[in-house]
Amino acid sequence: MANLKDQYAIVGAGLTKFGKIFDKSPVGFTLEGIKLAVEDAGLSRDDIDGLLVAMPAMMGEEHAWAARIGALLELPLTFSYTMDMGGATPVAMVQTAALAIAAGLCKTVVCAYGHSENPQGAAFAIPNLEFTMPYGDIGATALQAHIARRHMHEFGTRSEQLGQVAVAFRHNACLNPDAQMFSKGPITLADHQQSRWVVEPLRLLDCCVQTCGGGAVVVTSAERAQDLKHPPVLISGMGQSHSAEIIEPWPGKTGHRGGIPAGRMCFEMAGMKPKDMDVIQIYDGFTILVITSLENYGFCPIGEGGPFAEDGKLKVGGALPCCTAGGLLSEGHLMGMGHVVEGVRQLRRQCKERQVKDAEICFVTGYGGAPHTYPVTLCYSTLILRRP
Amino acid sequence: MSEWEKFLPKPTEDTEPYWDYCRKQELRMQKCKGCGLVRFPPSVICPRCWSLGHEWVKLSGRGKVWSWVIFHQAFYPGYADDVPYNTAIIELEEGPRLHANVIGCRNEEIYIEMPVEVAFEKVDDEVTLPKFRPVLS
């Protein structure tokens, strides 16, 4: 993969208005996100010959979802896929875009998503999760609650340590006027400890918010990026791994779980180490996921994520600013697209109050899959972005 | 509310024998004829050695609580009357882990490593769910 390093770049990024906004369908949010990203790049319709779109939760049997989005924008596509890795999709779309351009299938790719809670006209298919749902073990919260329980058991992690992740990301969101929780103001550890249980041992403030919204980024060659509107954000590293885990997202016997190969591949490709990162955007559907990710991607030893995250280093202004726009916990559940867009904006130095000073290198992760299928199946995706 | 406004398993061609045995109050899983691995979920192929041969072996029904959580919120209406209820991951003596509920004790009494044994709960003529209860020493 060394020959891909720094050869492709993110040149456009956009997020729609997001939050508890119910005026658009998932298609509508996706279309608006694409327009914003393409305009941000200073490009136009005829420049876009590749399109990747994240499969929305309500897609069901609607095949060619991505191509339909393309048709609604009259894009002259020679490359298009709907991608289906849940919250790992946005990061994986950026990777796939670079690969498609490298293979000569297209020149400029838009990677987009849109999501609406309870969209009109959509019938959500409740999947046949025969080995979990009859017991009432339902939803991603349950998976993460089991992981938290095991982490507490094996490593002595405490709810207060999870709480410090929530406090830090809310702090960051309060520096981001677009964040869904901006107007709610900061939270304290006491607020976290007093928030109600959802699935014990996870409390309400351990869980991300729910969000309607859309967004997109534009990927093209580093060479072509030279002539565009913003300084390019180069793709220096990338990795993926996929694993079946029954609640054990740490190395285990094979070392394949928990995204560990995804992290290793990414850092090796970039020729960098975790300590080289100026800012990180860790997929944070739940506080415990940040703890396990920091461990599995090598920012701290396995089992030590609780104490590592406890001291405020994840805040903007701390030693390892993480989820600087507020993350899924407090910016909004942008399915991981928010993490990519924030990485781009940090490296372009567009972040005003929440700007990490002199940020040059950013690590971005995605996480998703099918937490209630058997076996529990998870996808991990990683990027290192660099300002040249 | 009737008990089974909850989700019921809808077996596939590959998983149906598992539920058929449960209906007969037997916990059986597939044992690979190639490498001996006892696997779950049911599948046409051994994930370890890719052998297609298997037999449905009767398990001891004993295991330990691997993890447990308490739902304080119902994500679907059928579970609302049960809140707060537990779900657990049970590690069986033979190796596989599976989701279930721990019954026959209070939620506060559950702990990791708690010894449990299977207890079948008949839902209707079609479906019987394996659950687990504490082993009294």
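Residues numbered from 1 in each chain as written. Chains lettered and ligands numbered in written order. Predicted model: local features only at pLDDT ≥ 70, side-chain atom pairs only at ≥ 80, totals over all residues. Heavy atoms only, no water.

## Things to note about the domain arrangement of chain B
Residues and elements named next belong to chain B. Put simply, the test is: In this document the domain limits rely on a domain assignment from an automatic tool or a database. The contact criterion used is simple: two residues touch if any of their non-hydrogen atoms lie within 4.5 Å. Summed over both partners, the accessible surface that disappears when two parts come together, traced with a 1.4 Å probe, is what is meant by buried area. Salt bridges are defined as contacts in which a side-chain nitrogen from Lys or Arg sits within 4 Å of a carboxyl oxygen from Asp or Glu. For the purposes of this entry, the term helix denotes a DSSP run of H or I that reaches at least four residues, the term strand denotes a run of E that reaches at least two, and both are numbered from the N terminus. When residues are grouped by polarity, Ala, Val, Leu, Ile, Met, Phe, Trp, Tyr, Cys and Pro land in nonpolar, Asp, Glu, Lys and Arg in charged, and all others, Gly among them, in polar.
The domain boundaries assigned to chain B delineate domain 1 (12–58) and domain 2 (60–137). Each side of the interface is counted separately: domain 1 has 12 residues, and domain 2 has 15 residues. For the domain 1 face of the interface with domain 2, the top three residues by lost area are R23, Q25 and L27, together amounting to 46%. Our count for the contact surface shared by domain 1 and domain 2 stands at zero salt bridges. Mapped by element, the contributors of at least two residues to the side of domain 1 that touches domain 2 are α1 (16–23) and β2 (38–39). Here the element with the most residues in the side of domain 1 that touches domain 2 is α1; it accounts for four residues. Along the lines of polarity and charge, the residues of the side of domain 1 that touches domain 2 split into seven nonpolar, one polar and four charged.

## What to know about the nonpolar core
The following threshold applies: Throughout this description, the term nonpolar core refers to a set of buried Ala, Val, Leu, Ile, Met, Phe, Trp, Tyr and Cys residues connected via side-chain atoms within 4.5 Å. Buried means the residue's accessible area, taken with a 1.4 Å probe over protein chains only, is under 20% of the maximum for its type, while exposed means over 50%, and partly exposed covers the values in between.
Within the largest apolar cluster, 93 residues are counted, with the highest numbers of intra-cluster contacts made by L294, F299, L314 and F363 of chain A together with Y18 and I90 of chain B. Here this core gathers at least three residues from each of two domains, domain 1 (12–58) and domain 2 (60–137) of chain B. In contact with I90 of chain B, other than residues within four places in its own chain, are G63, K64, V65, W66, P96, R97, L98, A100, V102, V116 and F132 of chain B. With 45 residues, the next largest nonpolar core counts M83, V279, V341 and V356 of chain A among its residues.

## Digging into the interface of chain B and chain A
As a reminder, the rule being used: In the analysis that follows, any N or O atom pair within 3.5 Å is treated as a polar contact, provided that within protein one partner can donate a hydrogen and the other can accept it, and provided that, for residues neighboring in sequence, both atoms belong to side chains.
Between chain B and chain A, the residue contacts involve 37 residues of the former and 30 residues of the latter. A buried area of about 3,100 Å², summed over both sides, lies between chain B and chain A, and 62% of it is on carbon and sulfur atoms. Here chain B is connected to chain A by zero salt bridges. Counting across the chain B and chain A interface gives 16 residue pairs in polar contact (both at pLDDT 80 or more). Of all the secondary structure elements, the ones that give two or more residues to the side of chain B that touches chain A are α1, β4 (62–71), β5 (85–92), β6 (97–100) and β8 (128–134) of chain B.

## Some thoughts on the pairing of β8 of chain B
All names here are of chain B. Here is the rule: DSSP calls a pair of strands paired once it identifies at least 2 bridges connecting them.
Counting buried residues in β8 gives six out of seven residues, a clear majority hidden from the surface. Of the pairings in the sheet, the one linking strand β7 (residues 115–122) to β8 comprises seven bridges and is antiparallel in character. Bridge pairing links E117 to R133 in β8. Connecting β7 to the antiparallel partner β8 that follows it, the hairpin turn spans five residues.

## Focus: the packing of aromatic side chains
The test is simple: Only Phe, Tyr and Trp rings are paired, with Trp represented by its six-membered ring, and only when their centres lie within 6.5 Å; those with planes under 30 degrees apart are stacked, over 60 edge-to-face, the remainder tilted. Two conditions define a charge located above a ring, namely a distance within 6 Å from the ring centre to NZ of Lys or CZ of Arg, and an angle within 35 degrees of the ring normal.
Tallying each qualifying case throughout the model produces 20 aromatic pairs over all chains. Taking 5.1 Å as the distance between ring centres and 55° as the angle between the ring planes, the aromatic pair formed by Y18 of chain B and F40 of chain B counts as tilted. With Y18 of chain B in helix α1 and F40 of chain B in the loop between β2 and β3 (54–58), the pair connects residues that are 22 residues apart, well separated along the chain. For Y18 of chain B, a relative accessible area of 1% gives the class buried. The exposure class assigned to F40 of chain B is buried, which follows from its relative accessible area of 13%. For the cation-ring pair, R203 of chain A lies above W197 of chain A, with the distance from its terminal atom to the ring centre recorded as 3.9 Å. Between K313 of chain A and the ring centre of F308 of chain A, over which it is positioned, the NZ or CZ distance is 4.0 Å.

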